[in-house]
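Architecture at a glance
Residue strings, one per chain:
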Amino acid sequence: MGEPERRDGGLPPGQRTQRGWPVLHYGPVPRFKPDRWEFQVFGATADGAKHAWNHEEFSALPLSTVTADLHCVTKFSMRDVEWTGVSAATLLDLVPPARGVTHVMVWAEYGYSANLRLADFARADSLLATHRGGEPLTAEHGFPVRLVVPGLYAWKGPKWMRGVEYMLADRRGFWEERGYHNLGDPWREQRYSYQEEPGDGPEL
Ligand SMILES: Nc1nc2c(c(=O)[nH]1)N[C@H]1C(S)=C(S)[C@@H](COP(=O)(O)O)O[C@H]1N2
Ligand SMILES: [Mo]
């Protein structure tokens, strides 16, 4: 079977349009503590150092805007969502990964995590979003920062994001260890880990 064709305006297979903005996540909504909040890039960085920004510093980073659909693996999609934030490309410029980095682990409050191929994280429309539709995110939708990767199912985009770990090999994140597909491409309908083919992810 070939690559499913992305028709203009079409939804990935098995998805339907959702109006409004549902709240969906595992666990409680964390309380934002500005004094203790820190955003970290660590692991296999090019200079070997850990980089961190406090909220004020993070808020001063250059912003981009992306309009994209969001696809939840439970089969609803939201169309044409406008996100503003720091593009993943900007972050990768600020803290270049070491040679040999193939994957990233995106970390959020309470230890939620999602693994992505570096190439997926680095896509032009991947955004560390702070705003939606011009308004700051609300607490339940991920304030102050959530990752948005329009090319993957939404569980790959942690709300309440706190950092990125550069990795020299793949490792499963929170849902990827719990039955969800390691890659999560909605256009290929990669929903569950039992659909994985050899090479799609580390042994379960
Ligand atoms: N920290 C965290 N982020 C998360 C999740 C989660 O359980 N914890 N769920 C993901 C899933 S499955 C979806 S569909 C979206 C939902 O985002 P929303 O609540 O803003 O609609 O958040 C994603 N980010
Ligand atoms: Mo989801």
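Quick notes on the rules
- Residue numbers run consecutively from 1 along every chain, following the written order of its sequence.
- By the order in which they are written, chains take letters starting at A while ligands take numbers starting at 1.
- Local features in a predicted model are, by the rule used here, given only for residues with pLDDT of at least 70; side-chain atom pairs are given and counted only at 80 or more, and totals for whole chains, interfaces and linings are based on all residues.
- Each side-chain value is derived from all of the structure's non-hydrogen atoms; neither hydrogens nor water enter the calculation.
- Only strands that DSSP links by at least two bridges are regarded as paired with each other.
- The secondary structure listing takes helices from DSSP runs of H or I that are at least 4 residues long and strands from runs of E that are at least 2 residues long, numbered from the N terminus.
- Working convention: axes come from line fits to C-alpha atoms, limited for helices to the stretch in contact. Angles between N-to-C directions cover 0 to 180 degrees.
- UniProt positions are given in the numbering used here, feature names are shortened, and annotations may be inferred rather than shown by experiment.
- A cutoff of 4 Å decides nearness: a residue is near a molecule or strand if any of its heavy atoms lies inside that distance of it.
- Under the rule applied, a polar contact is a pair of N or O atoms within 3.5 Å (in protein, one hydrogen donor and one hydrogen acceptor; residues adjacent in sequence only if both atoms are side-chain atoms).
- Under the convention used here, a 1.4 Å probe and the Shrake-Rupley method define accessible areas, while residue burial counts only the protein chains that appear.
- Under the grouping applied here, Gly and all other residues not named as nonpolar or charged are polar, the nonpolar ones being Ala, Val, Leu, Ile, Met, Phe, Trp, Tyr, Cys and Pro and the charged ones Asp, Glu, Lys and Arg.
- Residue burial is assigned from relative accessible area. The probe radius is 1.4 Å, only protein chains are included, and a residue is buried under 20% of its type maximum, exposed over 50%, and partly exposed in between.

In the annotation of an unreviewed UniProt entry, the protein is listed under the name Sulfite oxidase-like oxidoreductase and assigned to Streptantibioticus silvisoli.

1. Side note on the sheet that holds strand β6 (residues 103–108)
The strand order across the open sheet built from 5 strands is β3-β2-β11-β6-β7, with neighbouring strands paired in mixed fashion. The open sheet is flanked by β3 (51–54) and β7 (113–117), the only strands paired with a single partner. In this sheet, neighbouring strand axes are inclined to one another by 15 degrees on average, regardless of whether the strands run parallel or antiparallel. Bridge analysis of strand β2 (residues 38–43) against strand β11 (residues 161–167) gives 4 bridges, and the strand direction is parallel. From the neighbouring strand, Gln 40 faces β11, where its bridge partner is Gly 163.

2. Some details on the UniProt feature "domain: Oxidoreductase molybdopterin-binding" (unreviewed entry) in the protein
Under the feature "domain: Oxidoreductase molybdopterin-binding" (unreviewed entry), the UniProt entry names residues 27–175. Strand forms 40% of residues 27–175 and helix 11%; the C-alpha atoms that close the span are 13 Å apart.

3. Topic: the site of ligand 1
Around ligand 1 there are 17 residues in total, and Pro 22, Tyr 26, His 141, Arg 146 and Lys 159 lie nearest to it. The separation between an oxygen atom of ligand 1 and a polar side-chain atom of Lys 159 is 2.5 Å. About the coverage of ligand 1: the protein hides 96% of its 530 Å² of free accessible area. Looking at the shell around ligand 1, its residues break down into 12 nonpolar, 3 polar and 2 charged.

4. Structural notes on the side chain of His 71
If you trace the backbone, His 71 turns up in strand β4 (residues 64–71). What makes His 71 buried here is its relative accessible area of 2%. Engagement of the side chain of His 71 in a polar contact is seen with the side chain of Ser 77, the distance being 2.7 Å.

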